[in-house]
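Survey of secondary and tertiary structure
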Amino acid sequence: MERTFRVMRCDPEKDKKPYLQEYQVSARDGMTVLEGLFYIQRRLDPSLAFRFSCRGSVCGSCAMNINGRNRLGCETQVSSLKGVIKVRPLGHFKVLRDLVVELDGFWEKYRRVRPYLIPSSLPPEKERLQSPEERGRIGDTADCILCANCHGSCTVTGTDSEYLGPAALLKTDRFLRDSRDVAGDERIRIVDGVHGIWRCHTILSCQDVCPKELSPTSSIMDMRKRLVRKRGNDGR
Amino acid sequence: MIYHQAIIVGGGLAGLRAAIELNRWGIDTAIISKVHPLRSHTVAAQGGINVAIGNNPLAASDSPETHAFDTIKGSDYLADQGAVLKMCRMGPGLVYEMEHWGCPFSRNDEGRIAQRPFGGADFPRTCYAADRTGHALLNTIFERAVYHEIAIYSEYLVTSLALDDGVCQGLIALDLKSGMLVPFSSDAVIFATGGAGRLYGRSTNALINTGIGTAIPYRAGVPLKDMEFIQFHPTTLFGTNILVSEGARGEGAYLLNKSGERFLADYEDSREKMELSPRDIVARNMVREMEKGGGFEGGHLHLDLRHLGKQKIEERLPGIRELSMKFAGIDPEMEPIPVQPGQHYTMGGIDTDAEGKTVVKGFFAAGECACVSVHGANRLGGNSILEALVFGAIAGEGAASYIEGKEKMREEGMVLDSLKREEEEIKNLMASAGKERVPDLWEGINRVMDDNVGIFREERSLKEGLDKVRELKERSKALALSYKGKSFNYELYWGLELQGSLDVAEAVILGALERRESRGSHFRRDYPVRNDGSFLKHSIVKYTEEEPSLIYRDVDIILFEPKERRY
Ligand SMILES: Cc1cc2nc3c(=O)[nH]c(=O)nc-3n(C[C@H](O)[C@H](O)[C@H](O)COP(=O)(O)OP(=O)(O)OC[C@H]3O[C@@H](n4cnc5c(N)ncnc54)[C@H](O)[C@@H]3O)c2cc1C
């Protein structure tokens, strides 16, 4: 079946403004949007630029805005979309070319939250013990694929360029929840600020667009509670 | 010119582990990767990583030596035994280290790393983090690299090595963002560029897993080893060939034919271990079953998880469930998953010794792109992220001690010469008035590999395959690009990847044609039995301007005498 793709194009070197370009894609059964983009790149327009890697919804490369919603191109079935398929780069990021956006700032924020385990003591000879319940507390917060869908949909990251954003805050929570990590106070200190957990408007858009169905908002709420509790205790 | 003491190409598990080792030695190290490291294929590994740490009550008497034996038997005795033993002995310490760095492994009741059974293993020794083990390990090791502030050049495609008189001086990479070729000078280079699965169309591999990382050293004079050994995974989603982990069978899933029978019982070599027989055996019997008419339309069978129950599926195989629902429209709690075998792993690769060294001084390789060999003719599931971890660390250490003891001076001039050559080449490609288009030639390679170099092979189809690849190589001389832009020019990107991949495809077919026996993953219908007299040997392919040359090298056999491989 022929489907129309309307793709946002932009080469900052020569285009003053981004523009939309239409392509007719012959969509076979089971075709994903990423495959549709490859169809365009291979048969219609080799200049089209977009990121890709695993094509199986685990690497997070192909985050993009499809019909108004941030999704992974590789796991979005063309047949699930009605009418013209409109593909744009993720919002809130500078466009490098077409669907490829500058993620340096995103990774910078990831770095800022000290995204690694900070344990208490020298490690034992074997593994540190962690009960299934303790492991369960980390839950799915460790499953984030850092695709930046959430960052690109959050209303706050759009207006406050210093805001750490849902992905980095989720990462903080992942380590706060880890029984092996002892840097809780330090972690909370990093996110306790006007550009941290207090900035979230709880609109839940991050959760809404997460391909792994994670909830950065819940993590942010948990961290707020933790902080309020701590302040209460400190005050006593 | 950018200079680092050590440069690692590849940000997967092997590359990042090597970087951390070099960092430990106080060596200034950089990683170059054509995608952000967290987008590397390691992230897709599902089932787990094997080490004999005996955490499962059923594995109390497991040992590195038993692990080594299983690996060697699984390899159909083609693995180098000293190297295997080294891997199995070093593995536990390195897996514990990953745990110490924060890897969120699944846990058993005692709070230890959980272990599950995998095919071809005598004990349940596969450590896992649900069915997202690669994601857990890659994130952990990347986090560690962030901690050590290791320099990372993301979205740089390495296109060639700069060699001077058998010594590596650095390399050239295309910065995808600027579209400029960038020269890198360094004292040692480690390639950790992953597998070449995308030579095939039907593959579980990430789309970035082309042959380029294998091709660059090959074309620079480093031989390739055992390239004919390509693993086909029994269970890939019908239609997309996305992997359904062996963990599913490890947890007890059944393979069924169209009559709903566990057909593996009908074949002698899989009767005993059934679904937990090694991959090569299961994949072949699936094809045989389909040839007999036991398959569903279009060529697939069923993987049935339903009897495992909702709880087990959601706890241990949540990723499989998610992929089945997203990509096959099927909830494995309710329906069986349609599966077919597909290309999965490249056992062969850049010829290295057990230290990660190659014939070029200062040039090392580790992980799936390398062939040490620890997998021989067939890799056991769960052994390759182990290989990436162990030999990443070993190559890192090897490079570090090479750098410390190095006498010869750096030759930046050599790197600049290479840069000029590359610039010339790209200029010519951009200006080419030829008629050949990049995607057509890629389709060509994929078709030949799928059709002529698959699970069952024979003289005639391999010869035909070789002719076809050579024809494609000829045609690639007339390659032309229609897009001339600089930034993120993916036509250029795929074009550069193509040329090397053609050479690697040729090496695979040549190895397969000359190996007139059946061993592990390599099955010749015209030579269906193993022939130790002639072929208990590694094949070594060398690049030449005309045709590649092939020689054989003895296997290192120090512990276990080759026996018939029965399960
Ligand atoms: C779906 C799937 C599931 C798997 N599950 C398991 C499992 O459960 N257990 C197991 O043991 N094994 C598993 N494997 C195999 C295992 O994942 C791989 O063998 C292993 O991850 C390879 O790691 P690596 O570090 O060698 O390479 P990769 O992780 O593939 O990394 C390669 C790196 O090289 C870079 N690169 C390549 N070429 C260039 C270039 N020219 N210039 C710049 N950068 C370049 C890439 O950007 C990337 O960073 C699985 C494989 C697949 C396909």
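Residues numbered from 1 in each chain as written. Chains lettered and ligands numbered in written order. Predicted model: local features only at pLDDT ≥ 70, side-chain atom pairs only at ≥ 80, totals over all residues. Heavy atoms only, no water.

**Topic: the site of the ligand**
All names here are of chain B. Around the ligand sit 37 residues in total, of which Ser40, His41, Thr42, Glu368 and Ser384 are the nearest. Here an oxygen atom of the ligand sits 3.2 Å away from a polar atom, N or O, in the main chain of Leu13. Between the ligand and Asn383 there is a distance of 3.5 Å, counted from an oxygen atom to a backbone nitrogen or oxygen. Alone, the ligand offers 1,000 Å² of accessible surface; in the complex the protein occludes 98% of this. (Near = heavy atom within 4 Å. Polar contact = N/O pair within 3.5 Å; in protein donor to acceptor, adjacent residues only side chain to side chain. Areas by Shrake-Rupley, 256 points an atom, 1.4 Å probe, with all protein chains shown as cover.)

**A look at the pattern of salt bridges**
As a working rule, side chains carrying opposite charge can pair if their charged atoms are close by. All names here are of chain B. This structure, assessed with the given rule, holds 85 salt bridges over all chains. As a salt-bridge pair, Asp280 and Arg284 come within 3.5 Å of each other at their nearest N and O atoms. Of the two residues, Asp280 and Arg284 are both situated in helix α7 (residues 279-291); the distance of 4 residues between them amounts to about one turn of the helix. Exposure remark for Asp280: the relative accessible area of 5% places this residue in the buried category. With relative accessibility at 7%, the residue Arg284 sits in the buried group. Of the charged contacts, one joins Arg321 and Asp331 as a salt bridge, the two residues approaching to 3.0 Å between their closest N and O atoms. (Salt bridge = Lys/Arg side-chain N within 4 Å of Asp/Glu carboxyl O. Helix = DSSP H or I, 4+ residues; strand = E, 2+ residues; numbered from the N terminus. Buried < 20%, exposed > 50% of the residue type's maximum accessible area, 1.4 Å probe, protein only.)

**Points about the domain arrangement of chain B**
The figure often quoted for interface size is the accessible area lost as the parts come together. Residues and elements named next belong to chain B. Along its sequence, chain B is organised into domain 1 (237-341) and domain 2 (414-551). With 7 residues of domain 1 at the interface, the matching set in domain 2 holds 6 residues. A combined buried area of about 540 Å² lies between domain 1 and domain 2, and 66% of that area is made up of carbon and sulfur atoms. In terms of surface lost to domain 2, no three residues of domain 1 exceed Asp280, Arg284 and Arg288, which account for 65% of the buried area on that side. In this structure, Arg525 and Glu291 form a salt bridge, with 2.9 Å as the shortest nitrogen-oxygen distance. The interface formed by domain 1 and domain 2 holds 2 residue pairs in polar contact (both at pLDDT 80 or more) in total. When the residues that make up the side of domain 1 that touches domain 2 are grouped by side-chain class, the tally is 3 nonpolar, no polar and 4 charged. (Domains from an automatic or database assignment. Contact = heavy atoms within 4.5 Å. Buried area = accessible area lost by both parts, 1.4 Å probe. Nonpolar A, V, L, I, M, F, W, Y, C, P; charged D, E, K, R; others polar.)

**Description of the interface of chain A and chain B**
Across the contact, 60 residues belong to chain A and 56 residues belong to chain B. The largest share of the area that chain A buries against chain B comes from A:Phe52, A:Arg55 and A:Glu127, three residues that together contribute 15% of it. Summed over the shared surface of chain A and chain B, the number is 8 salt bridges. Run the count over chain A and chain B and you get 35 residue pairs in polar contact (both at pLDDT 80 or more). Among the elements of the structure, α1 (33-44), β6 (95-97), α2 (104-112), α3 (132-138) and α5 (165-176) of chain A are those that each provide at least two residues to the side of chain A that touches chain B.

**Examining the nonpolar core**
One finds A:Phe5, A:Val33, A:Leu37, A:Phe52, B:Leu171 and B:Phe191 to be the most contacted residues of the largest nonpolar core, which totals 207 residues. By residue number, the principal contributor to this core is helix α14 (residues 490-514) of chain B, which donates 15 residues. In contact with A:Leu37, not counting residues within four places along its chain, are A:Phe5, A:Val7, A:Leu48, A:Phe50, A:Met64 and A:Leu99. In terms of nonpolar packing, the next biggest core, distinct from the first, is built from 23 residues, B:Leu264, B:Tyr267, B:Leu317 and B:Ile320 among them. (Core = buried A, V, L, I, M, F, W, Y, C linked by side-chain atoms within 4.5 Å.)

**Points about the packing of aromatic side chains**
As enumerated under the stated definition, the model contains 26 aromatic pairs over all chains in all. Ring plane angle 80° and centroid distance 6.5 Å describe the contact between A:Phe93 and A:Phe106, whose orientation is recorded as edge-to-face. Taken together, the positions of A:Phe93 in the loop between β5 (85-88) and β6 and A:Phe106 in helix α2 put the pair 13 residues apart, joining distant regions of the chain. Comparing A:Phe93 with A:Phe106 shows no difference in burial state: the two are buried. Between the aromatic rings of B:Tyr200 and B:Phe232, the centroid separation amounts to 5.7 Å while the plane-to-plane angle is 85°, which identifies the pairing as edge-to-face. Residue B:Tyr200 is found in the loop between β9 (180-191) and α5 (212-219), and its partner B:Phe232 is found in strand β11 (residues 230-237); the two are separated by 32 residues along the sequence. For the residue pair B:Tyr200 and B:Phe232, the accessibility class agrees, reading buried in each case. Sitting over the ring of B:Tyr128, B:Arg116 keeps its end group 3.8 Å from the ring centre. (Phe/Tyr/Trp six-rings, centres within 6.5 Å; stacked < 30°, edge-to-face > 60°. Lys NZ or Arg CZ within 6 Å of the ring centre and 35° of its normal.)

**Quick look at the confidence of the model for chain B**
Per-residue pLDDT for chain B averages 96, and the proportion of residues at 70 or more is 100%. For this predicted complex, the interface confidence score (ipTM) comes to 0.97, while the overall pTM stands at 0.97. (pLDDT = per-residue confidence, 0-100.)

**With respect to the environment of B:Gly381**
Residues and elements named next belong to chain B. Looking at where Gly381 falls in the secondary structure, it is placed in the loop between β17 (370-371) and α10 (384-405). By relative accessible area, Gly381 is classed as buried at 2%. For the pair Gly381 and Glu458, spaced 77 residues apart in the sequence, the C-alpha separation amounts to 26 Å. In this structure, Gly381 is in contact with Asn50, Phe118, Glu246 and Arg279, ignoring residues within four places of it in sequence.

**A closer look at unusual backbone geometry**
With the exception of glycine, most residues fall at negative phi, and the peptide bonds are largely trans. Residue B:Ser373 follows B:Val372 across a cis peptide bond; omega there is 10°. Checked against the element boundaries, B:Ser373 lands in the loop between β17 and α10.

**Re the side chain of A:Thr217**
Position of A:Thr217 relative to the elements: it lies in helix α8 (residues 216-235). When near neighbours in sequence (up to four residues on either side) are disregarded, A:Thr217 contacts A:Cys200, A:Thr202, A:Leu204, A:Cys206 and A:Gln207.

**Focus: the environment of B:Ser154**
Residue and element names in this part refer to chain B. Along the polypeptide, Ser154 turns up in strand β6 (residues 151-154). Distance in space between the C-alpha atoms of Ser154 and Gly348 is 27 Å, their sequence separation being 194 residues. In contact with Ser154, not counting residues within four places along its chain, are Ser33, Val35, His36 and Pro37.

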